[in-house]
Amino acid sequence: MEQLTLQPIRSVGGQIQLPGSKSLSNRVLLLSALAQGDTKVSNLLDSDDTRHMIAALRSLGTSLQLSEDGTHCLVQGLGGPFPARQADLYLGASGTDIRLLCSAVCLGQGVFTLSGEPRMAERPIKDLVEALTILGASIEYLQEEGFPPLRINASGLGGSRVSIRGNISSQYLTSLLSAAPLSRQKLRIDVEGELVSKPYIDLTLEVMRRFGVPVRNEGYRTFLVPEVAGYRSPGSALVEGDASSASYFLSAGAIKGGTVRVNGVGADSVQGDIKHADILEQMGASVG
C-alpha cells in the first residue's frame, strides 16, 4: 500500500485572503434580491450552495450579474416578493438554501417545488413547514412527511405570532426572520426551549439590520420583527471572510510560533467562530 509521509515543519508564516462565508453569502444574496434598490455584493463564496441559490433567485425572477470568478455579484433588488408564478427549484444538497427559500417563496403568488439531491430528502424541515402553515402557507410533502421535496402553493404570509422549537436547527428561525419583513403583519416569533447556534441567529439579525430591518431580540426567547415596508439595499455588501477557515491558519501560527495574517475577517466579525482567536490568545498566542 502506498504511503504518504508528512514531515514536520519548523515554522509557519505568511498571509492569506479568506474565502467568503457561506452562511453570510446566502443570507446577503437572498436579502439583496428582496430589497428595494440594487446591491453590489463582493467576496461571495464560490461554492455549490451559492451557485444553487443564485440559480434559484434567477428562476424566481431576480436579475443578477455574476463575475467570472463567482465572487462579485450585482443584484437588482425586487423591492418585494418574487414575481415568478411558477418555478422548480433544484438546490443540490444545501439545507441552508432550501430552508431559507421555503419561507421566501411563500411571500409571493404561485406554485413552487423545492428539491435537490437524494441527500436532501434526509434533511428535516417539518418544524419550519408547521410554523409557515400557521402563518397561512400551503405546503405539500412530495415524498416522506417532514422532509423535502416540497410543493408550495404560495399566497403570501399573514399572522402576527408563531412559535418554533429552538433545539432542532437555528436555520428554521433564520428562515422565518428573513421572510417576516415582507409578510402582511408585524411578527412575533417565540422560541420553545433553548435556542441552539445563537451566533448564527446573531449573524442573521446583523444582515437584516444592514438591510434596514432592526429586530428586537428578547433574550433569544422572543423576536419581534417590526411592521416595515420591506428591505432597503445598503448599496454594497461585503461578505466577510469565513471565520471557520481562519481558525486553521491562526492555529497553525500559534502552534509553530510563526506569524500568520488572515485577511477578510476581523475582531468585530459577526461570525461566532471568530471567538477562536480569543481562545488562542488565552493560550498564550499574540493576536491583534
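Below or above, wherever it landed, is the structure these notes cover. (Residues numbered from 1 in each chain as written. Predicted model: local features only at pLDDT ≥ 70, side-chain atom pairs only at ≥ 80, totals over all residues. Heavy atoms only, no water.)

## A few points about the overall build of the protein chain
Next, step 1: In terms of regular secondary structure, the protein chain is built from eight helices and 14 strands.
Next, step 2: Within the protein chain, the proportion of its 288 residues that are buried is 49%.
Next, step 3: At a minimum sequence separation of 6, the contacts of the protein chain that also span at least 24 residues come to 75%.
Next, step 4: Accessible area for the protein chain stands at about 14,000 Å²; split by element, carbon and sulfur atoms hold 48% of it. (Helix = DSSP H or I, 4+ residues; strand = E, 2+ residues; numbered from the N terminus. Buried < 20%, exposed > 50% of the residue type's maximum accessible area, 1.4 Å probe, protein only. Contact = heavy atoms within 4.5 Å. Areas by Shrake-Rupley, 256 points an atom, 1.4 Å probe, with all protein chains shown as cover.)

## Here's the deal with the pattern of salt bridges
Next, step 1: The final tally for this structure, using the stated rule, is 14 salt bridges.
Next, step 2: Across the pair R188 and D190 runs a salt bridge, and its minimum N-O distance is 2.8 Å.
Next, step 3: Since its relative accessible area comes to 30%, R188 is described here as partly exposed.
Next, step 4: You can call D190 buried: its relative accessible area is 13%.
Next, step 5: Put simply, E206 and R209 hold a salt bridge, and the shortest N to O gap is 2.6 Å. Of this pair, E206 and R209 both sit in helix 6 (residues 198-210), three residues apart, which is roughly one turn of that helix.
Next, step 6: For E206, a relative accessible area of 18% corresponds to the buried category. (Salt bridge = Lys/Arg side-chain N within 4 Å of Asp/Glu carboxyl O.)

## Topic: the sheet that holds strand 12 (residues 222-225)
Next, step 1: Read across the open sheet, the four strands follow the order 9-10-12-11; overall the sheet is mixed. Of all the strands in the sheet, the pair left with one neighbour each is strand 9 (161-165) and strand 11 (216-218). Neighbour to neighbour, the strand axes of the sheet diverge by 20° on average, direction disregarded.
Next, step 2: As paired elements, strand 11 and strand 12 share three bridges and run antiparallel to each other. (Pairing = 2+ DSSP bridges. Axes fitted to C-alpha atoms, helices over the stretch in contact; angles between N-to-C directions.)

## Here's the deal with the nonpolar core
Next, step 1: Counting 72 residues, the largest nonpolar core has L114, L177 and F223 as the members making the most contacts within it.
Next, step 2: Every residue in contact with L177, bar those within four places of it in the chain, is listed here: I189, I201, T204, L205, M208, V215, F223, V225 and Y231. (Core = buried A, V, L, I, M, F, W, Y, C linked by side-chain atoms within 4.5 Å.)

## Here we look at the packing of helix 3 (residues 95-106) against helix 5 (residues 170-179)
The packing of two helices is summarised by the inter-axis angle and the distance between the axes.
Next, step 1: Interhelical geometry of helix 3 versus helix 5 gives an angle of 35° and a closest axis separation of 8 Å. Helix 3 and helix 5 meet at a crossing whose hand is right-handed. Contacts between helix 3 and helix 5 involve G95, T96, R99, L100, S103 and A104 on the former and, on the latter, Q171, Y172, T174, S175, L176, S178 and A179.
Next, step 2: Its residues assigned to classes, the contact of helix 3 with helix 5 comprises five nonpolar, seven polar and one charged. (Left-handed = near helix turned anticlockwise from the far one by under 90°. Nonpolar A, V, L, I, M, F, W, Y, C, P; charged D, E, K, R; others polar.)

## Quick word on the packing of aromatic side chains
Next, step 1: According to the stated counting rule, one finds one aromatic pair in the structure shown.
Next, step 2: On the basis of an interplanar angle of 70° and a centroid distance of 6.4 Å, the ring pair of Y220 and F223 is categorised as edge-to-face.
Next, step 3: Y220 gets classed as partly exposed once you look at its relative accessible area, which sits at 21%.
Next, step 4: K198 extends its terminal NZ or CZ atom over the ring of Y220, reaching a point 5.6 Å from the ring centre. (Phe/Tyr/Trp six-rings, centres within 6.5 Å; stacked < 30°, edge-to-face > 60°. Lys NZ or Arg CZ within 6 Å of the ring centre and 35° of its normal.)

## Brief notes about the state of the cysteines
Next, step 1: Counting across every chain of the model gives zero disulfides.
Next, step 2: Here C106 is not disulfide-linked; the sulfur of C102 is the nearest cysteine sulfur, at 5.4 Å.
Next, step 3: Judged by relative accessible area, which is 1%, C106 ranks as buried. (Disulfide = S-S within 2.5 Å.)

## Thoughts on the pairing of strand 6 (residues 109-115)
Next, step 1: In terms of strand pairing, strand 5 (residues 86-90) meets strand 6 through five bridges, oriented parallel. Among the inter-strand pairings, L89 is bridged to a residue of strand 6, identified as L114.
Next, step 2: For the crossover from strand 5 across helix 3 to strand 6, the handedness is right-handed. (Right-handed = clockwise from strand over helix to strand, strands pointing away.)

## So, the side chain of T39
Next, step 1: Of note, T39 is situated in strand 2 (residues 38-42).
Next, step 2: Side chain to side chain, T39 and S233 meet in a polar contact 2.6 Å long.
Next, step 3: Not counting residues up to four positions away in its chain, the partners in contact with T39 are S32, C73, L74, V75, F211, S233, P234, G235, S236 and A237. (Polar contact = N/O pair within 3.5 Å; in protein donor to acceptor, adjacent residues only side chain to side chain.)

## Side note on unusual backbone geometry
Next, step 1: Residue P149 is bonded to the preceding P148 through a cis peptide linkage, with omega at 5°.
Next, step 2: Assignment of secondary structure puts P149 in the loop between strand 7 (138-141) and strand 8 (150-155).
Next, step 3: Residue S197 is not a glycine yet carries a positive backbone phi of 55°.
Next, step 4: Positioned with a positive phi, Y220 is a non-glycine residue whose angle comes to about 60°.
Next, step 5: Counting through the fold element by element, Y220 comes out in the loop between strand 11 and strand 12.

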